[in-house]
Amino acid sequence: MKRIILFFAFSIFSFYSFSQSIVYVDAAAGGANDGSSWTNAYRHLSSALAAANAGNDIDTIFIAKGTYYPTGDQSGTNRDSAFLLLRGNLFLYGGFDPANGITDIAQRNIQPYGGTGTILSGNINNPADSLDNCWHVMVIATYTNDLGKILLDGVTIREGNGTMSPGGYKYYGSGPGRPYGYYGAGGGMLITSASTQIRMRNVVVSNNVTQGIHSRRFLDMENCSVVSNIAPGGDENSTTHFAVFGGGLYCLEGLKLKHCLVADNQIYYGFVPKGGGIYLEGNLDMEECIVRDNTVLDAAGCSPLVGVGGGGGIYAHGYALIKNSEITGNAYTVVLGCVWDGEFRRYRYGGGGGLALNSNTEIVNSIIAFNSISGGMVPAGAFRRFAGGGIMMMDNAGVKLVNSIIYGNTDPIGAAISAVDNSYSIPVNIGNSVILSNSSLFSPEITVTRFHSLVQGFNSTTDGNLDASAGGTVFTNAAGGDFSLPAGSVLINKGNNNLYNSAAYPDADMNSNNRVSGGVLHIGPY
């Protein structure tokens, strides 16, 4: 996917207007260690945060490149240590390099999907043993000045490990009348604030255990990545497994993502797990994002009850608007069962290798491809099913597909789109879109309306649709993941501009070319 990335530093300053009472942090500084300048910078980020939490006279922290630990020194042993943000109106910027003259926000070298060389690490004590790492790398618990704002910009948060003996959450510490956090969630970041507005820009959250991010607040993230985090619910030898939601990111409220990467996260042997990459209970607004290769390994219950799990890539409860994004290679796999009444079971309702959705959803200029589910089954005579390689509708809601592709997803019942309950009636409106090469198509509850689209198994050319049996060149190399249109593609200039809501949808395709103003729309996202 070709992207043009523009960073508007002034837009950040306009939203976060502040007096800029700045303190400085540089692990390599050799001065007075009081944060007053780069020469006299604090050598530990924890020292700067302690000063900021103690009052309101500090609102901005500039952090040089380097690795910082919640314990101060890497040799620290207190796993309860975390980078604590206990009040609002704090703005943290990483990526500075004062030794080489990089001292201004606009000078920083920001990488695609975040990363600046400023690393906040929970890998304390023995660097070869992750089991002694901090429970959380960062905790945002702004119980004082909770109505304020927090900005994290240009930091990498990694190697927290919140694992503990299974069996619920254990609170630690004490804020002003409330606990700061709990073990078992948010190994990278734990956000328990009630009202603080939180923005993340150019942030990497990676290689954490018990989720990358666990947030009870709405999150606004841009040019960020949540990668290679894991949320365990047990292991292959456990006889008891625990419910796990959100391998990479758990968000109790809404989530806004722009130009973000969510990849290679995993829920490991969980009971009724949901959302290998992302789990959220609010609305989702996602644009120019990649959600790929996230996995759920479902322990299939170890219980006489049959639960509902779903969402190898994303599990979303609220309305979802997905624009100019790729959801590819995600998987939901039932890997372990237990013997009940003499029967070895892999019972599970749900599914959705790419997406599991509870509410109405619009998918625009996007690709849902090569997602899968496997291993599950349901009891004989059940009215629910385990299905939906690409999309599983977890409730009686509809899907609107505009200039998008559903391709190469696998599941024997409804690999493109399925419904979890056979009493549902799911309307699917397909416009200017392509659904091809899925191992199966729709479950019986799906009612399809097609306009100017190419859909496997449909040959009628009414309403501008293409005949799926007619053949011809479609994509450059779909099997290799290249869905661009070569010369002579049957999709070129076969769309309908009236099906594209240019007031609400981006005026750019997946190659950053003009979407509508470029003339007659092609079918698909290019």
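Residues numbered from 1 in each chain as written. Predicted model: local features only at pLDDT ≥ 70, side-chain atom pairs only at ≥ 80, totals over all residues. Heavy atoms only, no water.

Let's talk about the overall build of the protein chain
So, step 1. Each helix and strand in the protein chain was counted, giving two helices and 48 strands.
So, step 2. In the protein chain, buried positions account for 57% of the 526 residues.
So, step 3. The long-range share in the protein chain, meaning contacts at least 24 apart out of those at least 6 apart in sequence, stands at 71%.
So, step 4. A total accessible area of about 19,000 Å² is found for the protein chain, and carbon and sulfur atoms account for 49% of it. (Helix = DSSP H or I, 4+ residues; strand = E, 2+ residues; numbered from the N terminus. Buried < 20%, exposed > 50% of the residue type's maximum accessible area, 1.4 Å probe, protein only. Contact = heavy atoms within 4.5 Å. Areas by Shrake-Rupley, 256 points an atom, 1.4 Å probe, with all protein chains shown as cover.)

Quick notes on the confidence of the model for the protein chain
So, step 1. For the protein chain, the average pLDDT comes to 88, and 87% of its residues sit at 70 or higher.
So, step 2. Segment residues 1-18: pLDDT under 50, and 41 contacts once partners within four positions in sequence are set aside and those in other chains are kept.
So, step 3. Confidence drops under a pLDDT of 50 for residues 165-180, and excluding neighbours within four residues, the segment shows 37 contacts in the predicted structure. (pLDDT = per-residue confidence, 0-100.)

Points about the pattern of salt bridges
Side chains carrying opposite charge are able to pair once their charged atoms draw close together.
So, step 1. In the structure shown here, the tally under the stated rule is nine salt bridges.
So, step 2. Here Arg-158 and Glu-159 are joined by a salt bridge, their closest N and O atoms 3.2 Å apart.
So, step 3. When the shortest N-O distance is used, the salt bridge between Glu-253 and Arg-217 registers 2.7 Å. In this pair, Glu-253 is assigned in the loop between β20 (249-251) and β21 (255-258) and Arg-217 in the loop between β15 (213-215) and β16 (219-222), connecting sequence segments 36 residues apart.
So, step 4. On the basis of relative accessible area, Glu-253 is assigned to the partly exposed category, the value being 30%.
So, step 5. Using a relative accessible area of 11% as the deciding quantity, one classes Arg-217 as buried. (Salt bridge = Lys/Arg side-chain N within 4 Å of Asp/Glu carboxyl O.)

Here we look at unusual backbone geometry
Phi is mostly negative for residues that are not glycine, and the peptide bonds are mostly trans.
So, step 1. With a phi angle near 50°, Asn-223 is a residue other than glycine that sits in the positive phi range.
So, step 2. Judged by relative accessible area, Asn-223 falls into the buried class, the value being 2%.
So, step 3. One non-glycine residue with positive phi stands out, namely Asp-293, at about 55°.
So, step 4. Classification of Asp-293 as partly exposed rests on a relative accessible area of 37%.

Section: the packing of aromatic side chains
So, step 1. One pass over the full model with this rule turns up 16 aromatic pairs.
So, step 2. With a centroid separation of 5.5 Å and an interplanar angle of 50°, the aromatic rings of Trp-38 and Phe-96 are classed as tilted. One end of the pair, Trp-38, is in the loop between β1 (22-25) and α2 (45-53); the other, Phe-96, is in strand β5 (residues 90-96), and 58 residues separate them in sequence. When sorted by exposure, Trp-38 lands in the same class as Phe-96, which is buried.
So, step 3. Grouping aromatic residues by their ring pairs yields a cluster made of Tyr-24, Trp-38, Phe-62, Tyr-93 and Phe-96.
So, step 4. The positively charged end of Arg-79 is found above the aromatic ring belonging to Trp-135, 3.6 Å away from the centroid.
So, step 5. Here the guanidinium or amino end of Arg-515 rests over the ring plane of Tyr-500, the centre of that ring lying 6.0 Å away. (Phe/Tyr/Trp six-rings, centres within 6.5 Å; stacked < 30°, edge-to-face > 60°. Lys NZ or Arg CZ within 6 Å of the ring centre and 35° of its normal.)

Considering the environment of Ser-372
So, step 1. Relative to the helices and strands, Ser-372 resides in strand β39 (residues 372-374).
So, step 2. Residue class for Ser-372 comes out partly exposed when judged on its relative accessible area of 22%.
So, step 3. Sequence spacing of Ser-372 and Thr-295 is 77 residues, and the spatial spacing of their C-alpha atoms is 9.6 Å.
So, step 4. Those residues in contact with Ser-372 that sit more than four places away from it in its chain are Asn-330, Ala-331, Tyr-332, Gly-353, Gly-389 and Thr-410.

Focus on the sheet that holds strand β48 (residues 454-455)
So, step 1. Read from one edge to the other, the open sheet built from twelve strands follows the order β3-β6-β9-β14-β17-β22-β26-β31-β38-β43-β46-β48, with strand pairing classed as parallel. Every interior strand has two partners, whereas the edge strands, β3 (66-68) and β48, have only one.
So, step 2. Relative to β48, strand β46 (residues 434-436) runs parallel, the two being bridged by two bridges. Paired with Val-434 across the two strands is Leu-454, which belongs to β48. (Pairing = 2+ DSSP bridges.)

Some thoughts on the nonpolar core
So, step 1. Among the nonpolar cores identified, the biggest contains 92 residues, and Ile-61 and Met-221 are the most heavily contacted of them.
So, step 2. Examining the composition of this core, we find that five residues originate from one element, β5, more than from any other.
So, step 3. In contact with Ile-61, other than residues within four places in its own chain, are Val-23, Val-25, Leu-45, Ala-48, Leu-49, Ala-52, Phe-91, Leu-92 and Tyr-93.
So, step 4. Ranked by size, the runner-up nonpolar core spans 16 residues in total, among them Ile-367, Leu-436, Met-510 and Tyr-526. (Core = buried A, V, L, I, M, F, W, Y, C linked by side-chain atoms within 4.5 Å.)

Structural notes on the side chain of Lys-323
So, step 1. Secondary-structure assignment places Lys-323 in strand β30 (residues 320-323).
So, step 2. Within the structure, the side chain of Lys-323 is placed 3.2 Å from the side chain of Asp-285, a separation counted as a polar contact.
So, step 3. Apart from residues lying up to four places away in sequence, Lys-323 is in contact with Asp-285, Met-286, Glu-287, Glu-288, Val-364, Ser-366 and Pro-506. (Polar contact = N/O pair within 3.5 Å; in protein donor to acceptor, adjacent residues only side chain to side chain.)

Focus on the pairing of β5
So, step 1. Of all seven residues in β5, seven are buried, a share of seventy percent or more.
So, step 2. As paired strands, strand β2 (residues 60-64) and β5 are joined by five bridges and run parallel to one another. Along β5, the bridge assignment pairs Ile-63 with Gly-94.
So, step 3. As paired strands, β5 and strand β8 (residues 149-153) are joined by four bridges and run parallel to one another. If you follow Phe-91 over to β8, its bridge partner there is Leu-151.

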